[in-house]
Amino acid sequence: MTNQWIERRKKDQYYKLAKLKGYRSRAAYKLLQTTRTYKLMLPGQKVVDLGSQPGGWLQIAREAVGPEGLVLGVDIKKIEPLPYPNVRLIEADIYSEDLPERIISELKGPADVVLSDLAPTIIGAWDVDHARQVDLARAALRILQEVLKRGGNAFIKLFHGPELRRFQDEADEFFEKSRLLKPKASRPESSEVYYLGLDFKMKWMPPEPKA
Ligand SMILES: C[S@@+](CC[C@H](N)C(=O)[O-])C[C@H]1O[C@@H](n2cnc3c(N)ncnc32)[C@H](O)[C@@H]1O
């Protein structure tokens, strides 16, 4: 982290707000703005958050679903537990074959909403970062086909680049409505955008057990 980066972060309004409100990441505001505008998550729902460390999105999701709902965070890195009964955690690689089964087992059924803020370690080579990001988004798309309820919603991070349009076309096969979003809290200089898929078309079937 350079001094310039640290100084810029201190001036950032969402960074300050997140500190003030006790959110673990400024990214929390990207999800908050989207859920307020599109009613992405509702009280009582089950939400799975892929790539959830340190946990800002988990905090927003658990507020949105309330005490009757359930939020499950998945990350390859350890997430500091959150002190709420409606938040559960799985430490796993998104590419692990048995992950859909584990998600269904933790949620005791399919999810109403799948979130993915999965992101690779940025190396600064734009084409490599973009390819890795889309690969993670495709992994999220494969998982949601096994864990999302008919009528459910998804919100998935992507980076601009040549694969973006192809990803949108692939994902659009599964949702009645969709759009690409750039929440206000997403830094203008960042190439990130989010795919919002509303009203999942497929009927949920329990995942095939992986040997
Ligand atoms: C931008 S951060 C998520 C921030 C989070 N939404 C929040 O508000 O705190 C992206 C996360 O994706 C996770 N990630 C990247 N590759 C992964 C993989 N293969 N399996 C699971 N998690 C992964 C990283 O460990 C990282 O914590």
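Asker: Would you mind showing me how to read the overall build of the protein chain here?
Answerer: In terms of helices and strands, the protein chain carries 7 helices and 7 strands. A compact globule built from 211 residues would reach a C-alpha radius of gyration of about 17 Å, and the protein chain, at 16 Å, matches this within 12%. Based on the C-alpha atoms only, the size of the protein chain along its principal axes is roughly 50 × 40 × 35 Å. The 211 residues of the protein chain split such that 49% are buried. Excluding contacts between residues fewer than 6 apart, the proportion of contacts in the protein chain whose partners are at least 24 apart in sequence is 66%. Looking at the protein chain as shown, the accessible area adds up to about 11,100 Å², and 52% of this sits on carbon and sulfur atoms.

Asker: What should I look at first to understand the pairing of strand E5 (residues 148–159) in this one?
Answerer: Here is the key point about a regular strand: its side chains alternate between the two faces of the sheet. Judged by how many residues are buried, E5 sits mostly within the fold: 9 of 12 residues are covered. Examined bridge by bridge, strand E4 (residues 111–116) and E5 share 5 bridges and lie parallel to one another. Within E5, the position partnered with Ala111 by the bridge is Leu148. For the segment spanning E4, helix H6 (residues 126–147) and E5, crossover handedness is right-handed.

Asker: Looking at this structure, how should I read the side chain of Asp49?
Answerer: In this fold, Asp49 is placed in strand E1 (residues 46–50). Among buried charged residues, Asp49 stands out as having no salt bridge; its nearest opposite-charge side chain is Arg24, 9.9 Å away. Excluding anything up to four places from it in sequence, Asp49 contacts Trp57, Leu58, Leu72, Gly73, Val74 and Leu115.

Asker: What's the story with H6 in this structure? I'm lost.
Answerer: Helical geometry: 3.6 residues make up each α-helical turn, so side chains three or four residues apart lie on a common side. For H6, with 22 residues, the first-to-last C-alpha span of 31 Å sits near the 32 Å given by 1.5 Å per residue. Taken as a whole, H6 has its buried residues at Asp129, His130, Gln133, Val134, Leu136, Ala137, Ala139, Ala140, Leu141, Ile143, Leu144 and Val147.

Asker: How do you make sense of the layout of surface pockets when you look at a structure like this?
Answerer: Leftover empty space is mapped by rolling, across the atoms, a probe with the size of a water molecule. The space that makes up the largest pocket amounts to roughly 1,500 Å³. Taken together, 47 residues form the lining of the largest pocket, with Gln53, Pro54, Asp117, Ala119 and Lys157 sitting closest to its centre. Elements that contribute at least two residues to the lining of the largest pocket include exactly helix H1 (3–11), helix H2 (13–21), helix H4 (56–65), strand E2 (70–75), H6 and E5. With 4 residues, H6 is the single largest residue contributor to the lining of the largest pocket. Among the residues making up the lining of the largest pocket, the classes are represented as 20 nonpolar, 12 polar and 15 charged.

Conventions used here
Residues numbered from 1 in each chain as written. Predicted model: local features only at pLDDT ≥ 70, side-chain atom pairs only at ≥ 80, totals over all residues. Heavy atoms only, no water. Helix = DSSP H or I, 4+ residues; strand = E, 2+ residues; numbered from the N terminus. Rg over C-alpha atoms; globule rule 2.2 N^0.38 Å. Buried < 20%, exposed > 50% of the residue type's maximum accessible area, 1.4 Å probe, protein only. Contact = heavy atoms within 4.5 Å. Areas by Shrake-Rupley, 256 points an atom, 1.4 Å probe, with all protein chains shown as cover. Pairing = 2+ DSSP bridges. Right-handed = clockwise from strand over helix to strand, strands pointing away. Lys, Arg positive; Asp, Glu negative; His and termini not counted. Salt bridge = Lys/Arg side-chain N within 4 Å of Asp/Glu carboxyl O. Expected span 1.5 Å × (residues − 1). 1 Å grid on protein atoms, 1.4 Å probe; cavity = no way out; pocket = protein on both sides within 12 Å on 5 of 7 lines; lining within 4 Å. Points joined across faces, edges and corners; volume = space filled by probe spheres on them. Nonpolar A, V, L, I, M, F, W, Y, C, P; charged D, E, K, R; others polar.

These results come straight from atomic positions and should not be treated as a statement about function.
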